[in-house]
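Single-letter residue listing:
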Amino acid sequence: MDRYKTVVLGASGLVAQRLQQRLYRHPMFELTSVAGSSWSGMSLEDVPWKLDEKRPDLPDLLIEDVHDENIPATLYEQGIRIAFSALPSQHAVNIEPRWAKAGITVFSNASSFRLTEGVPLVIPEINPLALNGIAEVGHPIVCATNCTLLPLIMPLAPLHNMFGLTKVSVRSEQALSGGGYGLLDKYFGNNEPFDMTIPGEAEKTEAEFRRILEWNGEMDIACNRVRRKDGHHVFVTAEFEHVLSVEKVEDCFQQWNAKHMHNTQPSAPYHPLMFAPKIDDETHLFANGESFEQTPDPASNLKAGMSIVVASIECLNSRTVRFESYSHNTLRGAAGGVVYLAELAHTMKKL
Ligand SMILES: NC(=O)c1ccc[n+]([C@@H]2O[C@H](COP(=O)([O-])OP(=O)(O)OC[C@H]3O[C@@H](n4cnc5c(N)ncnc54)[C@H](OP(=O)(O)O)[C@@H]3O)[C@@H](O)[C@H]2O)c1
């Protein structure tokens, strides 16, 4: 099959580079263009590489100006039909609709349109049919969720389906990279004090959780930053309408995994959930649904870092379960998640 020509919106950011890395050898999508702000007019080769893995041999592209209103139509003329956006939300709100209006479907990591009626907010394993909305709205923007939502909602969605979630309490510990390169660069590997609070994060996570599960129970959520490079860790206590036990919870997770083990998209993990006695923030970062890889290269390995790890499952009483879970924030929670969405849209013939 011919690969779709794509553009990445963002040149130097952590998520932008994760996107470039994933598109390097992607079987469906080709990195045809990059549109940036501070680097526009320069060569992609000149942008400092910020990820731990070696920079792949990316095409030598001239970076377009993401603020130039004529660029979307020009790139459409050149055959580009898909944009992967890694823009900050305050800019995405004006820029993404311009690309959509030019006929380019935008798969976005920004939060600008996640709660907008008519814009699909999708997690492939949970609400794939929301992608049907792409054709209906005339503004082809599709949103991936907040990165903190993944380790929370992926285990809770099957439990909710089976036992009826009534109340949830969650506390997160989120890596520095979740706040972008500036935060990571400033505070990783030193003892400089930083603000652990993440303004607006709890509200965003809660609103997206409610939208995706169409749930209106009671929620108590606190989000905190920790001095770790990558990986968002959540501690969850959840109450249910129906009686459960650790065995029933584990069985529910196994059924969920079995349902998704034949997902054919290149970024689909072998199983969406993996299990461990306790979360180890380093060992469990690149879970691929089958094993915990240690030094994978996401430029050729699209599954590493795409599975959610669940651990320390216990029942506090016959209707309350407690667990911790963990996910890679710039892979499953951002670039990997949004490319997975585009793969699913292709499978569903929505591109
Ligand atoms: N980091 C995560 O774990 C994560 C997870 C989920 C979602 N997200 C979302 O993904 C987006 C990117 O996050 P990030 O972590 O990559 O941030 P980052 O490392 O701080 O990168 C910032 C990006 O914003 C672009 N930018 C800065 N000023 C701009 C302007 N005036 N106009 C247009 N673009 C501008 C930069 O573009 P140039 O490179 O062209 O200068 C750069 O690519 C954000 O919306 C974030 O909320 C991040």
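None of these values were measured; they are calculated from a predicted model.

Draft legend 1. Representation of the overall build of the protein chain in the model. Summing up its helical and strand segments, the protein chain has nine helices and 14 strands in all. In terms of C-alpha radius of gyration, the protein chain reaches 19 Å, essentially the compact-globule figure of 20 Å for 351 residues. With 351 residues in all, the protein chain has 49% of them scored as buried.

Draft legend 2. A look at helix α9 (residues 331–347). Compared with the 24 Å implied by 1.5 Å per residue over 17 residues, the 21 Å span of α9 between its first and last C-alpha is markedly short. If you look at α9, its biggest bend is around 50°, right at glycine 337. Of all 17 residues that make up α9, 15 are buried, and the element is covered over most of its length. At the exit of α9 stands lysine 349, carrying a positive phi of roughly 55°.

Draft legend 3. Representation of the sheet that holds strand β7 (residues 165–174). An order of β8-β7-β9-β14-β13-β10 is seen for the six strands of this open sheet, with the pairing classed as mixed. The two strands at the open ends of the sheet, each matched to only one other strand, are β8 (218–225) and β10 (273–276). Put simply, the sheet's adjacent strands are angled 25° from each other on average, direction ignored. Judged from the four bridges that link them, β10 and strand β13 (residues 308–317) form a sheet pairing that is parallel. If you follow alanine 276 over to β13, its bridge partner there is alanine 311.

Draft legend 4. Summary view of the domain arrangement of the protein chain. Taken domain by domain, the protein chain comprises domain 1 (4–145 + 336–347) and domain 2 (149–328). Relative to domain 2, the C-alpha centre of domain 1 lies at a distance of 24 Å. At the interface, 26 residues of domain 1 touch 26 residues of domain 2. Taken together, the elements giving at least two residues each to the side of domain 1 that touches domain 2 come down to α1 (14–23) and α9. Examining the composition of the side of domain 1 that touches domain 2, we find that six residues originate from one element, α9, more than from any other. Grouping the amino acids of the side of domain 1 that touches domain 2 by side-chain chemistry returns eleven nonpolar, eight polar and seven charged.

Draft legend 5. Just the site of the ligand, in detail. Neighbouring the ligand are 29 residues, the closest being Gly10, Ser12, Gly13, Gly36 and Gly180. Top contributing element to the shell around the ligand by residue count: α1, with three residues. Looking at the shell around the ligand residue by residue, the class counts come to 13 nonpolar, 16 polar and no charged. Both domains that meet at the shell around the ligand, namely domain 1 (4–145 + 336–347) and domain 2 (149–328), each give it at least three residues.

Draft legend 6. Local environment of helix α5 (residues 149–163). Spanning 15 residues, α5 covers 20 Å between terminal C-alpha atoms, matching the ideal 21 Å at 1.5 Å per step. Along α5, the sharpest change in direction is near 30° and occurs at leucine 156; proline proline 158 comes one to four residues later. Trailing α5 by a residue or two, glycine 164 shows a phi angle of about 75°, which is positive.

Draft legend 7. Region of interest: the nonpolar core. If you look at the biggest cluster of nonpolar residues, it comprises 93 residues, and the most contacted ones within it are Val8, Leu9, Phe84, Ile153, Val338 and Leu341. At ten residues, α9 tops the list of elements feeding residues into this core. Each of domain 1 (4–145 + 336–347) and domain 2 (149–328) gives at least three residues to this core. In this structure valine 8 touches Ala16, Leu19, Gln20, Leu31, Val34, Phe84 and Ala86, once residues within four positions along its chain are discounted.

Draft legend 8. Fine view of unusual backbone geometry. Residue glutamate 214 is not a glycine yet carries a positive backbone phi of 50°. Within the secondary structure, glutamate 214 sits in the loop between α7 (201–213) and β8. Positive phi, close to 55°, is recorded for lysine 349, a residue that is not glycine. By the secondary structure assignment, lysine 349 is in the segment after α9.

Parameters and conventions
Residues numbered from 1 in each chain as written. Predicted model: local features only at pLDDT ≥ 70, side-chain atom pairs only at ≥ 80, totals over all residues. Helix = DSSP H or I, 4+ residues; strand = E, 2+ residues; numbered from the N terminus. Rg over C-alpha atoms; globule rule 2.2 N^0.38 Å. Buried ≥ 20, exposed ≤ 12 C-beta atoms within 10 Å, placed from the backbone. Expected span 1.5 Å × (residues − 1). Bend = angle between axes of the 7 residues up to and from the residue. Pairing = 2+ DSSP bridges. Axes fitted to C-alpha atoms, helices over the stretch in contact; angles between N-to-C directions. Domains from an automatic or database assignment. Contact = placed C-beta atoms within 7 Å. Nonpolar A, V, L, I, M, F, W, Y, C, P; charged D, E, K, R; others polar. Near = placed C-beta within 6 Å. Core = buried A, V, L, I, M, F, W, Y, C linked by C-beta atoms within 7 Å.

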